[in-house]
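These are the residues of each chain, in order.
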Amino acid sequence: MASVSAKKVFKNYGEVAVVHGIDLDIEDGSFVVLLGPSGCGKSTLLRMIAGLETVTKGDIEIAGKRVNDVHPKDRNIAMVFQNYALYAHMNVAANMSFSLQLAKRPQSEIDEKVSWAAKILNLEPYLKRYPRELSGGQRQRVAMGRAIVRDPAVFLFDEPLSNLDAKLRVQMRTEIKELHERLKTTTVYVTHDQIEAMTMADKIVILRDGRIEQIGSPLEVYDHPVNLFVATFIGSPAMNLLKGEIVKDKAGLAVKSGDVLLPLPKGAGAEKGQKVVYGIRPEHLDPVAGKGGIPSRISVVEPTGPEIHIYTELAGEEVCAITDERLELKRGETLGLEPKLDRVHLFDEESGKAIL
Ligand SMILES: Nc1ncnc2c1ncn2[C@@H]1O[C@H](COP(=O)(O)OP(=O)(O)OP(=O)(O)O)[C@@H](O)[C@H]1O
Ligand SMILES: [Mg+2]
């Protein structure tokens, strides 16, 4: 096992700069997810850690040693890609043992490692099969088996589940997490799927355009996004955002958005007249019976089963509220909504930075 660090890492492809000075410390034994939209530099960063891309400027360290000039095969890492790239002409056992054969390990050790990996990954019944005779999930497990037999210091995953159907993704997500609990091998996992990131990570690193926006535990980034980008990127349905201006009313500070007053908790550190964006997650916006709350007009009602997602129009914007109550809701009717004051977010409109 080993820690992994990026120290002021830059990457240019010719004239094009794609990674702009990333500083990142990944603790020994942790499970870190790199999350961000397509093209933000996740794979590039992972591939620089793996040694598959050169570093333009800055350092990559594994176990405290600078590895910029160390060949990928000498970095003691194992990488699993989106397309598992199994050897089609080899059976499962041969696929898993290939790297050990190449390294000329003794046959007894190879057999031991392969049967250990097959057991952990529930692949024992399939050792003699060829990749074409396996399901997507089984192939994914073989790719993982190939990585774990090498007993690397670091696992690097690049969207390993994106070729699988929804149900299998959920199952493999749990399996990878369980595997990490057992082996405790430092893992860097790339995905653009925020649910995968939330459920698997010890820490999430949110990237945008080659820069880190925020690093934190899944609930830290969900509950305390540092800016509008993180606030809208994490969470589905997304956080409701309403532009407005800070005003003073009887109860203290509030946000005036259109002709609606949005309440703020006491002690919100904003200034009168400041242009802000008011943020509230759908699950923190409660429908209220009778005349209370901020009036909104119901536009779409989506029952998901456990919950009902209610889309309404409020201050000219579409706003989503989630409830688990079985309310009678009709399109076009008025519905009062009440934000949970201790879950309100506030951002400076110009900088996008969180104020609250
Ligand atoms: N070999 C290359 N030459 C030039 N530009 C490249 C090269 N490889 C990647 N890029 C650019 O670098 C940026 C980051 O790419 P990268 O593959 O790291 O994104 P990503 O976050 O992994 O995206 P995705 O989620 O789509 O896989 C992109 O704008 C991409 O076009
Ligand atoms: Mg990628």
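Of all 7 residues in strand 17 (residues 308–314), 6 are buried; the element is thus mostly enclosed. Pairing analysis gives 6 bridges linking strand 16 (residues 294–303) to strand 17, with the strands arranged antiparallel. The residue of strand 17 that forms the bridge with R297 is E313. Here strand 16 hands over to strand 17 after 4 residues, with G305 in that stretch at a positive phi of 115°.

Per the counting criterion, the structure on display carries 5 aromatic pairs. Aromatic pair F229 and F233: ring centres 5.6 Å apart, planes at 15°, arrangement stacked. Of this pair, F229 and F233 both sit in helix 8 (residues 228–233), separated by 4 residues, roughly a single helical turn. Clustering of aromatic rings is evident, with ring pairs tying together F31, F155, F157 and Y189. Lying over the aromatic face of F10, K57 brings its terminal NZ or CZ to 4.7 Å of the ring centre.

What follows is about the pairing of strand 6 (residues 77–80). Residues I77 and M79 point to one face of strand 6 and A78 and V80 to the other, with burial holding for every one of them. As paired strands, strand 6 and strand 7 (residues 154–158) are joined by 4 bridges and run parallel to one another. In the sheet register, M79 faces strand 7, and the bridge partner there is L156.

A rise of 1.5 Å per residue sets the reference length of helix 4 (residues 136–148), with its 13 residues, at 18 Å; its end C-alpha atoms lie 19 Å apart and thus fit the reference within 8%. Counting buried positions along helix 4 gives 11 out of 13 residues, so the element sits mostly inside the fold. Residues of helix 4 that are buried sit in contact with strand 6, helix 2 (92–102), helix 3 (107–120), strand 7 and helix 5 (166–183).

Looking now at the site of ligand 1. Every residue lining ligand 1 is accounted for by Y13, V18, P37, S38, G39, C40, G41, K42, S43, T44 and E159. Contact between ligand 1 and S43: an oxygen atom at 2.8 Å from a side-chain N or O atom of the residue. T44 has a polar side-chain atom sitting 2.5 Å from an oxygen atom of ligand 1. Computed on the free molecule, ligand 1 has an accessible area of 640 Å², of which 57% lies beneath the protein chains in the complex. Here the shell around ligand 1 takes 3 residues from helix 1 (residues 42–50), the largest share from any one element. Residues that form the shell around ligand 1 fall into these classes: 4 nonpolar, 5 polar and 2 charged.

About the criteria used
- Residues numbered from 1 in each chain as written.
- Chains lettered and ligands numbered in written order.
- Predicted model: local features only at pLDDT ≥ 70, side-chain atom pairs only at ≥ 80, totals over all residues.
- Heavy atoms only, no water.
- Buried < 20%, exposed > 50% of the residue type's maximum accessible area, 1.4 Å probe, protein only.
- Helix = DSSP H or I, 4+ residues; strand = E, 2+ residues; numbered from the N terminus.
- Pairing = 2+ DSSP bridges.
- Phe/Tyr/Trp six-rings, centres within 6.5 Å; stacked < 30°, edge-to-face > 60°.
- Lys NZ or Arg CZ within 6 Å of the ring centre and 35° of its normal.
- Expected span 1.5 Å × (residues − 1).
- Contact = heavy atoms within 4.5 Å.
- Near = heavy atom within 4 Å.
- Polar contact = N/O pair within 3.5 Å; in protein donor to acceptor, adjacent residues only side chain to side chain.
- Areas by Shrake-Rupley, 256 points an atom, 1.4 Å probe, with all protein chains shown as cover.
- Nonpolar A, V, L, I, M, F, W, Y, C, P; charged D, E, K, R; others polar.

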